[in-house]
Amino acid sequence: MSTVLVLNGPNLGRLGSREPDVYGSANLDDLRTLLVASARPGVSIDLRQTDDEAELIHWLYEAVDERMSVILNPAAFTHYSYALRDAAALVTKASLCLIEVHISNPHARETFRHTSVVSAIATGVIAGLGFDSYRLALDFVTAP
Ligand code: DQA
């Protein structure tokens, strides 16, 4: 059994009620259900959310130590957290996949969202497709 870490940053615990016009009305439990249902046989989904930058960084260390692929929605940390970027770089430098995902399309929103300090060290980026951003990332990281 291989495990994919699906990490979600600040305020994503409020999905379902947070700005439904932008993020939709489904919550993280719905996302987990979708990903578990879409996972290939032998793939388990470990979906987590935190508002704490340090916790997110430590989960990225765990991905390196346990050799897990990562699907990361860094949320607002995307736009300014060099600490998170450096931790995410450890994952890809260890030859593990890390896909940056976003529910919305940050490039179609406020200017501060147009910068990602994570994208340059990510394996790839999928944005603007709602929960399908995660589903497509899962398909990629678990492709035979
Ligand atoms: C987000 C986009 C970010 O700009 C924002 O801060 C989020 C969610 C997304 O999934 O669309 O919290 O990462």
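Residues numbered from 1 in each chain as written. Predicted model: local features only at pLDDT ≥ 70, side-chain atom pairs only at ≥ 80, totals over all residues. Heavy atoms only, no water.

A. Structural detail: the overall build of the chain. When you go through the chain residue by residue, the secondary structure sums to 5 helices and 5 strands. Put simply, the chain runs from its N terminus to its C terminus through helices and strands in the order β-α-α-β-α-β-α-β-β-α. In summary, the chain has a C-alpha radius of gyration of 14 Å against a globular reference of 15 Å for 144 residues, a match within 12%. Along the first, second and third principal axes, the C-alpha atoms of the chain reach 40 × 30 × 25 Å. Expressed as a percentage of contacts within the chain between residues at least 6 apart in sequence, the contacts between residues at least 24 apart total 78%. Working note: accessible area of the chain is about 7,000 Å², and carbon and sulfur atoms make up 50% of it. (Helix = DSSP H or I, 4+ residues; strand = E, 2+ residues; numbered from the N terminus. Rg over C-alpha atoms; globule rule 2.2 N^0.38 Å. Contact = heavy atoms within 4.5 Å. Areas by Shrake-Rupley, 256 points an atom, 1.4 Å probe, with all protein chains shown as cover.)

B. How the structure looks around the UniProt feature "site: Transition state stabilizer" (unreviewed entry) in the chain. Using the residue numbers shown here, the UniProt feature "site: Transition state stabilizer" (unreviewed entry) corresponds to Arg18. By the element assignment, arginine 18 lies in the loop between β1 (2–8) and α1 (20–23). Classification of arginine 18 by relative accessible area gives buried; the value is 18%. When neighbours within four sequence positions are excluded, arginine 18 is seen to be in contact with Pro10, Asn11, Leu12 and Tyr23. (UniProt positions renumbered as here; feature names shortened; annotations may be inferred. Buried < 20%, exposed > 50% of the residue type's maximum accessible area, 1.4 Å probe, protein only.)

C. Inspection of the site of the ligand at higher detail. Taken together, Arg18, Tyr23, Asn73, Ala75, Ala76, His79, His102, Ile103, Ser104, Arg109 and Arg113 make up all the residues around the ligand. Between an oxygen atom of the ligand and a side-chain N or O atom of asparagine 73, the distance comes to 2.8 Å. The protein chains hide 99% of the 320 Å² of surface that the ligand would expose on its own. A class-by-class count of the residues in the shell around the ligand yields 4 nonpolar, 4 polar and 3 charged. (Near = heavy atom within 4 Å. Polar contact = N/O pair within 3.5 Å; in protein donor to acceptor, adjacent residues only side chain to side chain. Nonpolar A, V, L, I, M, F, W, Y, C, P; charged D, E, K, R; others polar.)

D. Region of interest: the side chain of histidine 79. Here histidine 79 is to be found in the loop between β3 (69–73) and α4 (82–93). The contact partners of histidine 79, leaving out residues within four places of it in the chain, are Pro106, Phe112, Arg113, Thr115 and Val117.

E. View of the layout of surface pockets. By volume, the largest pocket is sized at about 170 Å³. Surrounding the largest pocket, 16 residues form its lining, Tyr23, Ala75, Ala76, Arg109 and Arg113 being those nearest its centre. Along the lines of polarity and charge, the residues of the lining of the largest pocket split into 7 nonpolar, 6 polar and 3 charged. (1 Å grid on protein atoms, 1.4 Å probe; cavity = no way out; pocket = protein on both sides within 12 Å on 5 of 7 lines; lining within 4 Å. Points joined across faces, edges and corners; volume = space filled by probe spheres on them.)

F. Geometry of the environment of isoleucine 126. Relative to the assigned elements, isoleucine 126 resides in strand β5 (residues 124–127). The class of isoleucine 126 is buried, set by a relative accessible area of 18%. Isoleucine 126 sits 10 residues away from leucine 136 along the chain, and the two C-alpha atoms are 8.0 Å apart.

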